[in-house]
Every structure is written in structure tokens, then in C-alpha cells.
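Residues per chain are reported as follows:
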Amino acid sequence: MNVARSFYVDALGFEATQTGYPGALFASAGGYHHHIAMNTWNSRGAGPRAARLGLGNVAVTVPRDEDIAALEARLAAHSIDFTTDGRSVSAQDPWGTRVTVSVSDLSTDELLAL
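Residues numbered from 1 in each chain as written. Predicted model: local features only at pLDDT ≥ 70, side-chain atom pairs only at ≥ 80, totals over all residues. Heavy atoms only, no water.

### A word on the pairing of strand 1 (residues 15-18)
Put simply, side chains in a regular strand alternate between the two faces of the sheet. The criterion, for reference: Only strands joined by at least two bridges in the DSSP assignment are considered to pair. A run of DSSP states H or I qualifies as a helix once it reaches four residues; a run of E qualifies as a strand once it reaches two. Both are numbered from the N-terminal end.
Here three bridges tie strand 1 to strand 2 (residues 24-28), and the two strands are oriented antiparallel to one another. Bridging across to strand 2, Glu15 finds its partner in Ser28. If you look at the hairpin formed by strand 1 and strand 2, you'll find five residues sitting between the two strands, and Gly23 has a positive phi there, around 80°.

Here you go:
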């Protein structure tokens, strides 16, 4: 789970909310209203997988442009490749899932076009 924690908590800035389950990590942004969960229960060492076998894309919105700038700095500090247009940032997690973080004024069509 160290790889998941490094990407989702350290680089993206999610908060680890549940770490007591062996082989699992639950993380959220802005509280525990919604969370993302990662586990190795049936896939330890499996590496990247086809999107049809799990979550293919994750879209997260943030309230301010400053949040995007801070995310860009964290991704760069962790040597994670990303694309940005100043209003949104996209990166792939270690398993090939595309994660896009954008300022909340982007429309659904704009998010899907990234």
C-alpha cells in the first residue's frame, strides 16, 4: 500500500482516513463524504490493468486555482508526469487509472475532453 499512499496521499493530497485494514487504504479529500479505496486483497503485484477490469477514470473538483498550483508542485516534487492547462491537472496512478483534478467551474464536457 506504500505505492498507493505515495500517489494518492503524498502526491495528490488526499487524506488517509482508514489504515487499519491489512492491505487496504481508504483516502478522502475534504472529509469522509466520499472516498477512494485501494487494496491488494486479490491483486498483489498485478501491475497496470485494463480499464474494463476496474476504475478507469477519476475526476475530482477543487474550489480554487491555488489548489491546482499546489497539486502541480506536489506532482513535480514526486517526479510524477502530468498534463495541465492551469485549470485542471491529469496524471495516471501507478495502475494506469487517469486521475483529473480540476477547478470546479469546468463542465462535464470539458472534463471528458481532457
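### A word on the sheet that holds strand 5 (residues 83-84)
Strands in a sheet are paired, the pairing made by backbone hydrogen bonds, and the direction either parallel or antiparallel. What the four strands build is an open sheet, ordered 4-7-6-5; its pairing is mixed. Edge positions in the open sheet fall to strand 4 (57-62) and strand 5, since each of these has one partner strand only. In terms of strand pairing, strand 6 (residues 88-92) meets strand 7 (residues 98-103) through five bridges, oriented antiparallel. Within strand 7, the residue paired with Val89 across the bridge is Val101.

### Looking at unusual backbone geometry
Test applied: For every residue, the accessible area (1.4 Å probe, protein chains only) is compared with the maximum for its type, and the residue is labelled buried under 20%, exposed over 50%, or partly exposed between those bounds.
Despite not being glycine, Ser79 has its phi angle at roughly 55°, a positive value. Turning to its location among the elements, Ser79 is positioned in the loop between helix 2 (65-77) and strand 5. The exposure class of Ser79 is exposed, given its relative accessible area of 66%.

### Some remarks on the packing of aromatic side chains
Put simply, the rule reads: Working definition: a ring pair exists when centres of Phe, Tyr or Trp rings (six-membered ring for Trp) sit within 6.5 Å. Plane angles under 30 degrees give stacked, over 60 give edge-to-face, the rest tilted.
Per the stated rule, a full pass over the model turns up three aromatic pairs. Arranged with centres 4.9 Å apart and planes meeting at 80°, the rings of Phe7 and Tyr8 form a pair that is edge-to-face. Of the two residues, Phe7 and Tyr8, neither departs from the other in class, the shared state being buried. On the basis of an interplanar angle of 80° and a centroid distance of 6.0 Å, the ring pair of Tyr8 and Phe14 is categorised as edge-to-face. Classification of Tyr8 by relative accessible area gives buried; the value is 2%. In textbook terms, an aromatic cluster arises when at least three aromatic residues are bridged by ring pairs, as seen for Phe7, Tyr8 and Phe14.

### Brief notes about the environment of Trp95
Of note, Trp95 is situated in the loop between strand 6 and strand 7. Considering only alpha carbons, one finds Trp95 and Ala4, 91 residues apart in sequence, at a separation of 9.3 Å.

### Let's talk about the side chain of Ser28
Following the sequence through the fold, Ser28 ends up in strand 2. Classification of Ser28 as buried rests on a relative accessible area of 1%.

### Let's talk about the pattern of salt bridges
When the charged atoms of two side chains with opposite charge come close together, those side chains can pair. Put simply, the rule is: Put simply, a salt bridge is a Lys or Arg side-chain nitrogen that is within 4 Å of an Asp or Glu carboxyl oxygen.
Applying the stated criterion to the full structure yields two salt bridges. Residue Arg64 is joined to Glu66 by a salt bridge in which the shortest nitrogen-to-oxygen separation is 3.7 Å. Two residues, Asp67 and Arg64, come together in a salt bridge whose shortest N-O distance is 3.0 Å. On the basis of relative accessibility, which here comes to 44%, the residue Arg64 falls in the partly exposed class.

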